[in-house]
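Each chain, letter by letter, is given below.
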Amino acid sequence: MTVRRLAAVALTAAVTAGALAGCGEESWEKKCSTNADRVIECTPDQRPEARAVTGELLAGGTYDVTQDRGKVIVVNFWGSWCNPCRAEADDLERTYQATKAKDVTFVGVNSRDEKDPAKAFERGFGVTYPSIYDPNGSVALKFDVTQVTTPATLILDRQGRIAAGIRGATTIGVLQPVVERIAAEGPG
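Let me sum up the structure you'll find in this document. Values in this document were obtained by computation on a predicted structure and should not be read as measured data. (Residues numbered from 1 in each chain as written. Predicted model: local features only at pLDDT ≥ 70, side-chain atom pairs only at ≥ 80, totals over all residues. Heavy atoms only, no water.)

**Looking at the overall build of the protein chain**
Test applied: Counting from the N terminus, the helices are the DSSP runs of H or I reaching at least four residues and the strands are the DSSP runs of E reaching at least two. Partly exposed residues are those whose accessible area sits between 20% and 50% of the maximum for their type, while under 20% is buried and over 50% is exposed, using a 1.4 Å probe and protein chains only. Whether two residues touch is decided by their heavy atoms; if any such pair falls within 4.5 Å, the residues are in contact.
Helix and strand counts for the protein chain come out as five helices and nine strands. Tracing the protein chain from N to C terminus, the helices and strands come up as α-β-β-β-β-β-α-β-α-β-α-β-β-α. Burial status across the protein chain gives 45% buried among its 188 residues. If you take every contact in the protein chain between residues at least 6 apart in sequence, the share linking residues at least 24 apart comes to 68%.

Okay, structure coming up:
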């Protein structure tokens, strides 16, 4: 076995061991409560810190989640190929428009998609907030999201902690009250 191949085998074993070691840990959402609308809400003492997340924006440029620290950040995971994403797009945009004056911002995370259909989706559904282009799902991993469905939505509090999550499509009637509750907490 060559030194190069031996090093590759050792690296693969180390990464696999590290990944499996994390499998036994309890995920953040298991420590929080889930209601009938599939909204997972965490009390401030249960909220995990979101990791540093950066990414290339569909419209060009980059996004860094830390640039919005001090605001409530709604992160929606979507794809142009996803029918439930189409169903929730208007509700997300309406919630964004209704809450942005309360220091709330939205960012999409477009995954498993091509850029042209993703941009067409945003234009077609009138989405005005930016989206990170994430064709391989690496941004979702940075958010430490387990059991990701598409669509899914995370709400980060003003300190950058995961305060709530919604698995599956959402509506303005479900999302906006949660966002407003977290925004009303004020600065940390």
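**A few points about helix α2 (residues 83-99)**
Rule in force here: Here a helix's expected span is defined as the number of its residues, less one, multiplied by 1.5 Å. Given a residue, its bend is the angle between the two axes fitted to the seven residues that end at it and to the seven that start from it.
Helix length check: α2, at 17 residues, gives a terminal C-alpha distance of 25 Å against a target of 24 Å (1.5 Å per residue), a fit within 8%. Along α2, the sharpest change in direction is near 35° and occurs at Ala89. Taken residue by residue, α2 has Cys85, Glu88, Ala89, Asp91, Leu92, Glu93, Thr95, Tyr96 and Thr99 as its buried positions. Buried residues in α2 make contact with β5 (72-78), β6 (104-111), α3 (115-124), β8 (152-156) and α5 (172-184).

**Focus on the packing of aromatic side chains**
Basically, it comes down to this: Ring pairs are drawn from Phe, Tyr and Trp, using the six-membered ring of Trp, whenever the two centres fall within 6.5 Å, and their geometry is named by plane angle: stacked under 30 degrees, edge-to-face over 60, tilted for the rest.
Going through the model one piece at a time under the given rule, you end up with five aromatic pairs. Centre to centre, the rings of Trp78 and Phe121 are 4.6 Å apart; their planes meet at 20°, and the pair counts as stacked. Separated by 43 residues along the polypeptide, Trp78 in strand β5 and Phe121 in helix α3 bring together distant segments of the chain. In this pair, the class of Trp78 matches that of Phe121, namely buried. Within the aromatic cluster, the residues linked to one another by ring pairs are Trp78, Phe121 and Phe125.

**Structural notes on the pairing of strand β7 (residues 131-134)**
Put simply, the rule reads: At least two bridges found by DSSP between two strands are what make those strands a pair. By the criterion used throughout, a crossover qualifies as right-handed when its path from the first strand across the helix to the second strand runs clockwise, the strands pointing away from the viewer.
Burial along β7 is two-sided: Ser131 and Tyr133 and Ile132 and Asp134, pointing in opposite directions, are all buried. With four bridges connecting them, β6 and β7 associate as parallel partners. Along β7, the bridge assignment pairs Ser111 with Asp134. Considered for its hand, the β-α-β crossover made up of β6, α3 and β7 is right-handed.

**So, the side chain of Ser131**
We apply this condition: Polar contacts here mean pairs of N or O atoms no more than 3.5 Å apart (in protein, one a potential hydrogen donor and the other a potential acceptor; neighbouring residues in sequence count only if both atoms are side-chain atoms).
Note that Ser131 resides in strand β7. Among the polar contacts made by the side chain of Ser131, one reaches the side chain of Trp78 at a distance of 3.2 Å. A polar side-chain atom of Ser131 sits 2.9 Å from a polar atom in the side chain of Glu122.

**Points about the state of the cysteines**
Here is the rule we go by: Throughout, a disulfide means two cysteine sulfur atoms within 2.5 Å of one another.
By the definition in use, this model includes two disulfides. Note on cysteine connectivity: Cys32 is disulfide-linked to Cys42, with sulfurs 2.1 Å apart. Taking the torsion about the S-S bond as the criterion, the Cys32 to Cys42 disulfide, at about 100°, is right-handed. Taken together, the residues span a long stretch of sequence, with Cys32 in the loop between α1 (3-23) and β1 (33-34) and Cys42 in the loop between β2 (39-41) and β3 (54-56) at a distance of ten residues. Classification of Cys32 as buried rests on a relative accessible area of 11%.

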